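# Observations on chain architecture
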Amino acid sequence: MEKILVIGSAGQIGSELVMELRRVYGADNVIATVHYTKPPQEVLESGPFEHFDVMNTHQLYEVVNKYKVNQIYHLAAVLSGSAEKKPLPSWDINMQSLLNVLELCRTVKIDKLFWPSSIAVFGPTTPRDHTPQTCTMEPTSVYGMSKLAGERWVEYYWNKYKVDVRGIRYPGIISYKTEPGGGTTDYAVEIFYEAVKNGKYTCFLGPDTKLPMQFMPDCLKATIDLMEAPAEKVKIRSNYNVGGISFDPKILAAEIKKHIPEFEIEYKPDFRQAIADSWPMSIDDSVARADWGLTDEYDLAKMTEVMIREIRKKFNK
Ligand code: AKB
């Protein structure tokens, strides 16, 4: 039987992944954990929950022993925008937490580890259109540097110790349950909230900043599909490209206007523009499709419709 530990269960992806894993594997078999942020009530109430700091190895081993954990999803990280404000502490958290978890997997019997990377591993010297799985990677953000170093470490633990680690280079993730925090792609969630609540949005990226994004249901499906794939199909251990849908703020605003005709957008690019300009505009994920059968369901129109419907419900609008 699987006993799954989710590190970072209060975050945008973690909070929804816990609920999906509980649906698939049974509520009692998925242990949600956070450090300081309070997770949504449904995460707290629907199954086991622990409070601990992944930087504290003693606490990490204790929780793993207590529940006889055999799978870990390590999602805790400082994202791109926040990491630029505190480069050294962010590097420390992103790298040391990963090394703590990798060492745990090496020394205790953990069957599988999921650790996500990001499109942030790419940089200005990477081909920006249909960015291939393997190409030049010279990230310029602290977050991207930490994710690229992490990719090398997870592959190292696979090659050297056979730690069965799997991961996806997440594009920007769009969702309506838990808002993201500190990322460069966060505009693509904020815009929906502001459109529904106030009918206008000031975007921190310019109108033509095209980036790859993925809707949460497709993100959860890809994550769990990769973890359930037979080990021999997972040929890349340093993280797979996943492309989702590519669009820029003006295209997204036009799609939102189809539902909220009075919606207005203005642009005031800030420091995150330079980060976005160094990232891919679209991703080639053919390797993930061929190796373990990545599929996705949502295009821009379908995602926009669900986002607006659900946020309207949330705010009785
Ligand atoms: C960010 O914007 O930092 C994240 C990411 C693309 O990894 N959403």
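Here is what the cut-offs are and how they apply
- Residues numbered from 1 in each chain as written.
- Predicted model: local features only at pLDDT ≥ 70, side-chain atom pairs only at ≥ 80, totals over all residues.
- Heavy atoms only, no water.
- Near = heavy atom within 4 Å.
- Polar contact = N/O pair within 3.5 Å; in protein donor to acceptor, adjacent residues only side chain to side chain.
- Areas by Shrake-Rupley, 256 points an atom, 1.4 Å probe, with all protein chains shown as cover.
- Pairing = 2+ DSSP bridges.
- Helix = DSSP H or I, 4+ residues; strand = E, 2+ residues; numbered from the N terminus.
- Axes fitted to C-alpha atoms, helices over the stretch in contact; angles between N-to-C directions.
- Contact = heavy atoms within 4.5 Å.
- Parallel < 35°, antiparallel > 145°, perpendicular 65-115°, else oblique.
- Left-handed = near helix turned anticlockwise from the far one by under 90°.
- Nonpolar A, V, L, I, M, F, W, Y, C, P; charged D, E, K, R; others polar.
- Buried < 20%, exposed > 50% of the residue type's maximum accessible area, 1.4 Å probe, protein only.
- Right-handed = clockwise from strand over helix to strand, strands pointing away.
- Domains from an automatic or database assignment.
- Buried area = accessible area lost by both parts, 1.4 Å probe.
- Salt bridge = Lys/Arg side-chain N within 4 Å of Asp/Glu carboxyl O.

The ligand sits among Leu79, Ser80, Ser118, Ile119, Tyr143, Gly183, Thr184, Thr185 and Trp279. At 2.7 Å, a side-chain N or O of Ser118 approaches an oxygen atom of the ligand. Thr184 places a main-chain nitrogen or oxygen 2.7 Å from an oxygen atom of the ligand. Coverage of the ligand by the protein chains reaches 93% of its 250 Å² of free accessible surface.

It is worth spelling out the sheet that holds strand E1 (residues 4-7) at this point. The six strands lie next to each other as E3-E2-E1-E4-E5-E7, forming an open sheet whose pairing is parallel. Only two strands of the sheet have a single neighbouring strand rather than two, namely strand E3 (49-51) and strand E7 (165-166). Pairing geometry for strand E4 (residues 71-74) and strand E5 (residues 112-114), over three bridges, is parallel. Considered in E5, the bridge of Gln71 is made with Lys112.

Before going further, it helps to spend a moment on the sheet that holds strand E11 (residues 211-215). Sheet strands line up and pair through hydrogen bonds in the backbone, either parallel or antiparallel. Ordered by their spatial adjacency, three strands build an open sheet running E9-E11-E13, and the pairing between neighbours is mixed. The sheet is open, and its two edges are formed by strand E9 (172-174) and strand E13 (245-247), each paired on a single side. Sheet twist, expressed as the average angle between the axes of neighbouring strands with direction ignored, equals 40 degrees. By the bridge criterion, three bridges tie E9 to E11 in an arrangement that is parallel.

What follows covers the environment of Leu17. Mapping Leu17 onto the fold places it in helix H1 (residues 12-25). Taking the C-alpha atoms as reference, Leu17 lies 9.7 Å from Ala32; in sequence the two are 15 residues apart. Beyond its immediate chain neighbours, meaning those up to four positions away, Leu17 contacts Tyr73, Leu75, Leu220, Thr223 and Ile224.

This paragraph deals with the packing of H1 against helix H8 (residues 216-228). Two elements in contact, H1 and H8, have axes separated by 10 Å at closest approach and are oriented at 55 degrees. By the angle class used here, H1 and H8 are oblique. Where H1 crosses over H8, the handedness of that crossing is right-handed. Contacts between H1 and H8 pair Gln12, Ile13, Glu16, Leu17, Glu20, Leu21, Val24 and Tyr25 from the former with Met216, Cys219, Leu220, Thr223, Ile224 and Glu228 from the latter. Looking at the contact of H1 with H8 residue by residue, the class counts come to nine nonpolar, two polar and three charged.

What follows covers the pairing of E1. Residues Ile4 and Val6 of E1 are buried on one face, and the alternating residues Leu5 and Ile7, pointing to the opposite face, are buried as well. Looking at chain direction, E1 and strand E2 (residues 30-34) are connected through four bridges and run parallel. When the sheet's bridge partners are listed, Ile4 is paired in E2 with Val30. Crossover handedness for the path E1 to H1 to E2: right-handed. Here four bridges tie E1 to E4, and the two strands are oriented parallel to one another. What sits directly across from Val6, in E4, is Tyr73.

Take the domain arrangement of the protein next. Considered domain by domain, the protein is made up of domain 1 (4-171 + 215-241) and domain 2 (172-213 + 244-281 + 298-314). Summarising the inter-unit geometry, the C-alpha centres of domain 1 and domain 2 are found 24 Å apart. With 31 residues of domain 1 at the contact, the number on the domain 2 side is 30 residues. In total, domain 1 and domain 2 occlude about 2500 Å² of area from one another, counting both sides; carbon and sulfur atoms represent 63% of this. When the buried area of domain 1 at its contact with domain 2 is split by residue, Gln12, Arg128 and Phe215 rank highest and sum to 35% of it. Where domain 1 meets domain 2, there are zero salt bridges. Counting the contacts that link domain 1 with domain 2 gives 11 residue pairs in polar contact (both at pLDDT 80 or more). Secondary-structure elements contributing two or more residues to the side of domain 1 that touches domain 2 are H1, helix H4 (80-85) and H8. With five residues, the single largest contributor to the side of domain 1 that touches domain 2 is H4. The class makeup of the residues in the side of domain 1 that touches domain 2 is 14 nonpolar, 10 polar and seven charged.

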